[in-house]
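Reading the structure
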Amino acid sequence: MNWLDYAQPPRLELEGRLQERALGRAMARWVQSHGGGAVLAELAARAAVAELHGDTALAPLDGERCQAIAGESMVGDGRETRPFVLDAAGRFYLWRNYVHECEVAALIGERRRAATPLPVDEAGLAALFPGGDPARDGAQREAVRAVGGRRLFVLTGGPGTGKTTTVLRMLLRLARDGIAARDGIAVAAPTGKAAQRLVQSLRQESARLREQLPADWAPYFELLPASEALTVHRLLGWSPGRQAYGRGPDSPISAGVVVVDEASMLDLAQLRALLRALSPTATLVLVGDADQLDPVGAGSVLGDLVSVLEAQQAPELVRLRHSFRADSRLLPVLEAVRLGQAKALQAALAAAGGQGRAHPVENSAELARVLRRWADGLAEAGSPAPLAGDEAAAATKALRALAERQLLAALREGSFGTEAINAAIERHLRQRWQVPADAPWYPGRAVMVTRNDYGLRLFNGDIGLCLRGADGRLRVWFETEAGARAFAPGALPAHEPAFAITIHKSQGSEYDQAAVLLPPDPEHRILSRQLLYTGLSRARRALELWAPQDSLDAALARPARRAGGLAERLAAAGP
Ligand SMILES: Nc1ncnc2c1ncn2[C@@H]1O[C@H](COP(=O)(O)OP(=O)(O)OP(=O)(O)O)[C@@H](O)[C@H]1O
């Protein structure tokens, strides 16, 4: 491995302590074989493992350790290329993470300084919010007002606060300003599913708004991206052969406005690549919920950016706070989690009545009990009847019924993980529905696609339901924008059972009712406020929290901001 190569972090998707130890040992050996001392070898190993956990650096070292590595030739202060960097604050970096942080901070600083705010046409703004109420949509209007003439804009807010609704109006405003007409608009999201959802929501909302606006707005609607849902990877022209992005400073993305939704999923390396690939005059709009989980890769860029912009009361940031969700009884639950307040969470759950329940699931026996109740709920609906009449319409109905309730678990592996839970639920359903043991597929089996298949237009995270057609054949149905589509089970891309999915995978989806299961070990490092918030905020109408108080307290107490120096660098790069 070439540690100086910071173009792309190594694809280390392995999890678990064994792999971590192996990586750490390999790194330590590499350091020692290149003449590094024991302290450096240990720090390098820890930094490599910390990167797997999402940290871009080690938390500042004490003076003694800084001293111990001061003379190491492999450690620099960032001015020259070295495998490791010890920055002025004592943070220890792998070279690429240091470079990425510095570049991201510098490019964001440049974009902020390059703003030439354009006043909004107030009549146009009022037209975009027909019959609006400033108490509810004031911040949305502010976002539309503030985006004009900016090269960077950040829109954050919890679920249902109208982020997509606002993005549409921001784009229409920019189109009217002439920006989009000249250079075009690109919208993307880190995952295929989120990108598809974004384009779909924009299209639905623009159909509604178009009817309410005067005819002279029509040309601006034509400029909205209506067709392809782009992942950030695709927007950047990722070439698997070259293992590099095609878009960069020499061949920038040809769009005057670039919107990236679900930006909480962007990692540091992706944001750097994106910033490098924008034309200098383009407007970048980052949209997401800064309180959600950090990305799989290293860094917590949206969280860092929002915290810095918020502290500076910067005009490039608008936080939407009013939720347009029909059900506001769950909002205090989310707010308590967001702020890490255990007592407020208990009170909010109690006040939510039947819509918010907590079960202290402390061990496998208790898990089996709540799982059985959950699986009974699924089984009672019965094995779905064969489709009749308009099969696609009937399948859509069945898929929507399936999406009404979802079990979300923090873990994937182990007895509290989705793999074991799915196996238990499937066993129960097979028994209740009398599915023959040798039939892998049966009506009512829910699966989730785990890899994007652009040819089939199925994306990682899409949920399908197996149903029997009138012809007696089993097919797996997916709800897509073009209506429900069916696939032979054998034709599906990689997939897994979906009666329970991880909280990580649930990002961007919503359910009427969600149950959220945390591991009973309060020491488990996956527990964090963001994890709990992300899980609970998937519920539209009712939620169940399956966790002992200790795990809950641990999650609430851990804001889980990752170690690194981006926030400090962003603040220093200033506007
Ligand atoms: N100003 C508004 N007036 C009335 N309804 C609104 C307004 N803004 C948003 N809504 C409604 O609130 C709901 C959520 O809006 P939207 O999908 O834009 O939110 P979001 O923040 O993108 O949601 P999420 O990310 O949780 O899916 C939609 O039904 C939308 O029509």
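Since the model is a prediction, treat every value here as computed from it, not as a measurement. (Residues numbered from 1 in each chain as written. Predicted model: local features only at pLDDT ≥ 70, side-chain atom pairs only at ≥ 80, totals over all residues.)

Examining the sheet that holds strand 2 (residues 84-86)
- With mixed pairing, the 3 strands of this open sheet are ordered in space as 1-2-3. Each end of this open sheet is capped by a strand with a single partner; those strands are strand 1 (75-76) and strand 3 (92-94).
- Summarising the sheet, strand 1 and strand 2 pair through 2 bridges and their orientation is parallel. Its bridge partner lying in strand 2, V75 is registered against F84.
- Set on the sheet, helix 2 (residues 38-52) makes contact with strand 1, strand 2 and strand 3; between it and strand 3 the angle comes to about 65°.
- On top of the sheet, helix 4 (residues 95-113) reaches strand 2 and strand 3; it is set at about 100° to strand 3, its chief contact. (Pairing = 2+ DSSP bridges. Helix = DSSP H or I, 4+ residues; strand = E, 2+ residues; numbered from the N terminus. Contact = placed C-beta atoms within 7 Å. Axes fitted to C-alpha atoms, helices over the stretch in contact; angles between N-to-C directions.)

Here's the deal with the site of the ligand
- Around the ligand, the surrounding shell holds 13 residues, and the nearest of these are P159, G162, K163, T165 and F324.
- Of all elements in the fold, only helix 6 (134-146) and helix 7 (163-177) reach the threshold of two or more residues within the shell around the ligand.
- Considering only residue class, the shell around the ligand consists of 2 nonpolar, 9 polar and 2 charged. (Near = placed C-beta within 6 Å. Nonpolar A, V, L, I, M, F, W, Y, C, P; charged D, E, K, R; others polar.)

Re the UniProt feature "binding site: ATP" (unreviewed entry) in the protein
- According to UniProt, the feature "binding site: ATP" (unreviewed entry) maps to G157, G158, P159, G160, T161, G162, K163 and T164 in the numbering used here.
- Structurally, G158 is set in the loop between strand 4 (152-157) and helix 7.
- Classification of G158 as buried rests on a count of 22 C-beta atoms within 10 Å.
- Among the structural elements, G160 can be located in the loop between strand 4 and helix 7. (UniProt positions renumbered as here; feature names shortened; annotations may be inferred. Buried ≥ 20, exposed ≤ 12 C-beta atoms within 10 Å, placed from the backbone.)

Focus: the domain arrangement of the protein
- Under the domain assignment used here, the protein contains domain 1 (18-93), domain 2 (120-325) and domain 3 (329-557).
- A separation of 37 Å is found between the C-alpha centroids of domain 1 and domain 2.
- Residue-level contacts link 4 residues of domain 1 with 4 residues of domain 2. (Domains from an automatic or database assignment.)

A few points about the packing of helix 4 against helix 22 (residues 566-573)
- At their nearest, the axes of helix 4 and helix 22 sit 9 Å apart, and the two run at 35° to each other. In this structure, the crossing between helix 4 and helix 22 has a hand that is right-handed. For the pair helix 4 and helix 22, the contacting residues are E101, C102, V104, A105, A106, I108 and G109 in the first and L566, R569, L570 and A573 in the second.
- A class-by-class count of the residues in the contact of helix 4 with helix 22 yields 8 nonpolar, 1 polar and 2 charged. (Left-handed = near helix turned anticlockwise from the far one by under 90°.)

A word on the nonpolar core
- One finds L171, V257, V258, V260 and V285 to be the most contacted residues of the largest nonpolar core, which totals 74 residues.
- With 7 residues, the top contributor of residues to this core is helix 7.
- In this view, V260 contacts A188, A189, V232, L266, L274, L286 and V287; residues no more than four positions away in its chain are not counted.
- L293, A486, L531 and A554 belong to the second largest nonpolar core, which has 68 residues in total. (Core = buried A, V, L, I, M, F, W, Y, C linked by C-beta atoms within 7 Å.)

Structural notes on the confidence of the model for the protein
- Chain-level statistics for the protein give a pLDDT mean of 90 and a share of 95% at 70 or above.
- Every residue in residues 1-16 scores below 50 in pLDDT, and together they form 22 contacts with partners more than four places removed in sequence or on other chains.
- Confidence metrics for the complex model read pTM 0.86 and ipTM 0.97. (pLDDT = per-residue confidence, 0-100.)

Some details on helix 6
- Between its first and last C-alpha atoms helix 6 spans 16 Å; for 13 residues at 1.5 Å apiece the expected length is 18 Å, and the helix comes up short by more than 12%.
- Q140 marks where helix 6 bends most, by close to 25°.
- For helix 6, the set of buried residues is D137, Q140, R141, A143, V144 and A146.
- The inward-facing, buried residues of helix 6 contact helix 5 (122-128), strand 4, helix 7 and strand 11 (317-320). (Expected span 1.5 Å × (residues − 1). Bend = angle between axes of the 7 residues up to and from the residue.)

Some thoughts on the sheet that holds strand 12 (residues 356-359)
- Spatial strand order, 12-21-20-13-19: 5 strands in an open sheet with parallel pairing. At either margin of the open sheet sits one strand with a lone partner, and together these are strand 12 and strand 19 (500-502). Going from strand to strand, the sheet's axes swing by 25° on average, the running direction of each strand aside.
- Examined bridge by bridge, strand 13 (residues 405-409) and strand 19 share 3 bridges and lie parallel to one another. Following the sheet pairing, A409 is matched in strand 19 by T502.
- Contacting strand 13 and strand 19, helix 18 (residues 418-433) runs over the sheet at an angle of about 170° to strand 19.

Observations regarding helix 18
- Here helix 18 is 16 residues long and its end C-alpha atoms lie 21 Å apart, about the 22 Å a rise of 1.5 Å per residue gives.
- Every buried residue of helix 18 is accounted for by T418, I421, N422, I425 and L429. Within helix 18, the buried residues cover an arc of 95° as seen down the axis, which keeps them to one side. Opposite the buried face of helix 18, at more than 90 degrees from it, the exposed residues are R427 and Q431.
- Each element contacted by the buried residues of helix 18 is listed here: helix 16 (364-380), strand 13, strand 18 (495-497) and strand 19. (Arc of directions from axis to C-beta.)

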